[in-house]
Amino acid sequence: MSPRLRLAVLGVALLALVPGAAATIAHLPDFGATIAAYGERINAIAPGERHVANMVSAINFDLRGLDTLGEEFMLLAAITGTVVLLRGRRGETLTDRAMRLPGRAILPRSEAVQLTCRLAGPLLMMFGLYVVLHATVTPGGGFQGGVILASGTLLAYLGEGYGGWRDMVRSHWLDALEGGGAVLFTVCGLAPMLTGAAFMQNVLPLRTFRDVFSGGLMLVENAGVALAVCGGFTQLFLEFLEETREADGPEEPGEDSA
Amino acid sequence: MTWLPYAVAAWLFAIGLYGLASSRNLIHLVGCLSVCQSATYVLLLGLGYRYGSIAPIFYDYPPGTPAVDPVMQALVLTDIVVGATLSALLLVLTVQAYKRSGTLDPEHLKPMSRGGDKAAPDTSAKHPAR
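Please read these numbers as outputs of a predicted model, since none were measured by experiment. (Residues numbered from 1 in each chain as written. Chains lettered and ligands numbered in written order. Predicted model: local features only at pLDDT ≥ 70, side-chain atom pairs only at ≥ 80, totals over all residues.)

## Let's talk about the overall build of chain B
So, step 1. Helix and strand counts for chain B stand at 4 helices and 0 strands.
So, step 2. The N-to-C order of helical and strand elements in chain B reads α-α-α-α.
So, step 3. Each of the 130 residues in chain B was classed as buried or not, and the buried ones make up 24%. (Helix = DSSP H or I, 4+ residues; strand = E, 2+ residues; numbered from the N terminus. Buried ≥ 20, exposed ≤ 12 C-beta atoms within 10 Å, placed from the backbone.)

Here is the structure:
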């Protein structure tokens, strides 16, 4: 199919969809007028019932925790797929040096970049931890904090270069973080059943409202998500950066580049 | 203008679809998919918004203050994280496709043949080592 024909087909299809889209948009509630009853009920009930101030965390880790469990395993599956595809092609062996483009000058890292990264890296990690720990009281949580923590490790690559990054980040630890986080979340679902409660029922003491340690089981689940997201994203960075490392030799017969 | 956020979502989705259909580069294709995905963010957040409401965090305001819909925000949050990892997965597939066929143009992708890709050696001449 030629590109022109394909675009024509798409245009016809979109034109056919326009009346349906217009009718749907006309029947949606007016923007900013009202919200769904379910969200309204959660806002009304959850602060009293679960002693948490952050409703988004209450939904993710308690009220709809089963959905988050599914998301967690989607995350795990996507990252596993990425790692398998990249590593399967590349092999498991490691070198300490990044690949060099022939003919490109090797510029030493400036001290300003190094200093900035050394200062900003730990601060960023600290901020990530803060966001993770305050999941149940202020905006934040395992998903956001985990990504911030993972970005902190990227600053090590920027500041120290490939060798320093390889020294700092161990692939096995990342595997353990990623899998351990998912296991922790699953255990949080199954453990309450040992006491006779329902799956993922919040059996731990809820503590006082607006306290950092409020929320009971949510705190553990939040930690599990933070571990999994941090480990998973760092694993992604690691695997993509590994693509730039210097190859030991030809990877496959008939192919001298990688 | 109460329909404007929904129209923006529909437009984002349509422009993403146009990009997907007309793309000549697999990396561009992954970007277009992200544009399509951001249409869902706009739609969900638009559906969950209410004028004069606070964010659904009852730390500075007492519980009972009118707040926007927290369900939509939770959906968008997990969507963004999973979407980011899926983009990574698609980019890896792009890397693999480039290594196999030596091109990023979806038009020039050929079906895989049994017993490996015979075209690999001569494409490495056209696209020298990185």
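## Here's the deal with the environment of A:Arg166
Residue and element names in this part refer to chain A.
So, step 1. Looking at the secondary structure, you find Arg-166 in helix α6 (residues 142-168).
So, step 2. Assessed through the 22 C-beta atoms surrounding it within 10 Å, Arg-166 is described here as buried.
So, step 3. Each C-alpha atom, one on Arg-166 and one on Leu-238, is 8.6 Å from the other, the two residues being 72 residues apart in sequence.

## Details of the interface of chain B and chain A
Interfaces are often described in size by the accessible area the parts lose on coming together.
So, step 1. Every contact between the two is made by 45 residues of chain B and, on the other side, 53 residues of chain A.
So, step 2. When residues of the side of chain B that touches chain A are traced back to their parent elements, those giving at least two are α1 (4-22), α2 (26-48), α3 (70-101) and α4 (120-126) of chain B.
So, step 3. Partitioning the side of chain B that touches chain A into residue classes produces 33 nonpolar, 9 polar and 3 charged. (Contact = placed C-beta atoms within 7 Å. Nonpolar A, V, L, I, M, F, W, Y, C, P; charged D, E, K, R; others polar.)

## Some words on the confidence of the model for chain A
Residues and elements named next belong to chain A.
So, step 1. For chain A, per-residue confidence averages 87 on the pLDDT scale, and 91% of positions sit at 70 or higher.
So, step 2. Averaged pLDDT values for the elements of chain A fall to 88 in α6 and rise to 94 in helix α5 (residues 111-133).
So, step 3. Between residues 250-258, whose pLDDT stays under 50, and residues either more than four places distant or in other chains, the model counts 15 contacts. (pLDDT = per-residue confidence, 0-100.)

## Considering the packing of helix α4 (residues 65-90) of chain A against helix α7 (residues 171-194) of chain A
All names here are of chain A.
So, step 1. Across the interface, α4 lies against α7 with an axial gap of 10 Å and an inter-helix angle of 160°. Our classification of the angle between α4 and α7 gives roughly antiparallel. Of the two possible hands of crossing, α4 and α7 adopt the one that is left-handed. Side by side, α4 and α7 meet where Gly-65, Leu-69, Glu-72, Phe-73, Leu-76 and Ile-79 of the first sit next to Glu-178, Ala-182, Phe-185, Thr-186 and Gly-189 of the second.
So, step 2. Each residue belonging to the contact of α4 with α7 can be placed in one class, and the counts come to 6 nonpolar, 3 polar and 2 charged. (Axes fitted to C-alpha atoms, helices over the stretch in contact; angles between N-to-C directions. Parallel < 35°, antiparallel > 145°, perpendicular 65-115°, else oblique. Left-handed = near helix turned anticlockwise from the far one by under 90°.)

## Section: the environment of B:Val76
Residue and element names in this part refer to chain B.
So, step 1. Following the sequence through the fold, Val-76 ends up in helix α3.
So, step 2. With 20 C-beta atoms counted inside 10 Å, the residue Val-76 sits in the buried group.
So, step 3. Considered as a pair, Val-76 and Trp-3 are 73 residues apart in the sequence and their alpha carbons are 20 Å apart.
So, step 4. Not counting chain neighbours up to four residues away, the residues in contact with Val-76 comprise Tyr-41, Leu-44 and Leu-45.

## Re the packing of α6(A) against helix α8 (residues 217-242) of chain A
All names here are of chain A.
So, step 1. It is at 8 Å that the axes of α6 and α8 come closest, and there the two elements cross at 30°. The angle between α6 and α8 places the two elements in the roughly parallel class. Crossing handedness for the pair α6 and α8: right-handed. Residues Gly-142, Phe-143, Gly-145, Gly-146, Val-147, Leu-149, Ala-150, Thr-153, Leu-154, Tyr-157 and Trp-165 of α6 form the contact with α8, whose own contacting residues are Asn-222, Ala-223, Val-225, Ala-226, Val-229, Cys-230, Phe-233, Thr-234, Phe-237 and Leu-241.
So, step 2. Residue composition of the contact of α6 with α8, by class: 15 nonpolar, 6 polar and no charged.

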